[in-house]
Amino acid sequence: MEIIIGAPAPVGPPVRKTERSTGTTVEARILNVRPPRRHQTNRPEEENRRKGYNSSSDPINGRVMVLLIPEGHKLPQDIDSGKYRIFLRFAPHKG
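Residues numbered from 1 in each chain as written. Predicted model: local features only at pLDDT ≥ 70, side-chain atom pairs only at ≥ 80, totals over all residues. Heavy atoms only, no water.

Enquirer: Lay out the overall build of the chain with the relevant residues and their values.
Expert: Across its full length, the chain carries 1 helix and 2 strands. Along the chain, from the amino end to the carboxyl end, the secondary structure elements read β-α-β. Residues classed as buried in the chain amount to 5% of the 95 residues present. In the chain, the share of contacts with a sequence separation of at least 24, taken over all contacts with a separation of at least 6, comes to 75%. (Helix = DSSP H or I, 4+ residues; strand = E, 2+ residues; numbered from the N terminus. Buried < 20%, exposed > 50% of the residue type's maximum accessible area, 1.4 Å probe, protein only. Contact = heavy atoms within 4.5 Å.)

As structure tokens, this is what we get:
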């Protein structure tokens with residue numbers, strides 16, 4: 001999904017959007033990969049009560065990936081609702 005503020009519309013015919021459907025294959029670019037967050041085990045009680053605090057931690061062997069989806073219109077409107085599972089398949093880039 002690309003958001004550009006203040007940029008003029010591109011010249012040419014409008015981009016044709018495909019219909020959203022479940023099970024759609026979407027290509028993505030990897031922007032960043034990092035290790036999981038490390039949480040302190042002895043947090044002060046005041047910090048534990050902060051709004052939005054989540055006591056669960058990232059899995060020890062997990063990796064955090066930041067992906068760029070160029071064709072963001074193929075994603076479901078409510079992708080941030082948590083109703084979806086995402087499966088990754090890695091293929092070498094030819095080009």
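Enquirer: So what's going on with a nonpolar patch on the surface? Residues and values would help.
Expert: There is a patch of nonpolar side chains on the surface, built from Ile 30, Val 33, Leu 67, Ile 79, Tyr 84, Ile 86, Leu 88 and Phe 90 and spanning about 760 Å² of accessible area. Relative to the elements of secondary structure, Ile 79 occurs in the segment after strand S2 (64-68). Residue Ile 79 is classed as partly exposed on the basis of its relative accessible area of 32%. (Patch = residues over 30% accessible without salt bridge, like charges linked within 9 Å, V, L, I, M, F, W, Y side chains within 5 Å. Areas by Shrake-Rupley, 256 points an atom, 1.4 Å probe, with all protein chains shown as cover. Salt bridge = Lys/Arg side-chain N within 4 Å of Asp/Glu carboxyl O.)

Enquirer: Please provide a residue-by-residue account of the environment of Arg 63, values included.
Expert: Structurally, Arg 63 is set in the loop between helix H1 (45-48) and S2. Arg 63 gets classed as exposed once you look at its relative accessible area, which sits at 59%. Between the C-alpha atoms of Arg 63 and Arg 37, which are 26 residues apart in sequence, the distance is 9.2 Å. Each residue touching Arg 63, except ones within four places of it in the same chain, is listed here: Val 33 and Arg 34.

Enquirer: Provide a residue-level description of the pattern of salt bridges, including the pertinent values.
Expert: If you walk through the whole model with that rule in mind, you get 2 salt bridges. Between Lys 74 and Glu 71 there is a salt bridge, with the nearest N and O atoms lying 2.9 Å from each other. Looking at Glu 71, the relative accessible area reads 35%, which means it is partly exposed. When the shortest N-O distance is used, the salt bridge between Asp 78 and Lys 83 registers 3.4 Å. Since its relative accessible area comes to 26%, Asp 78 is described here as partly exposed.

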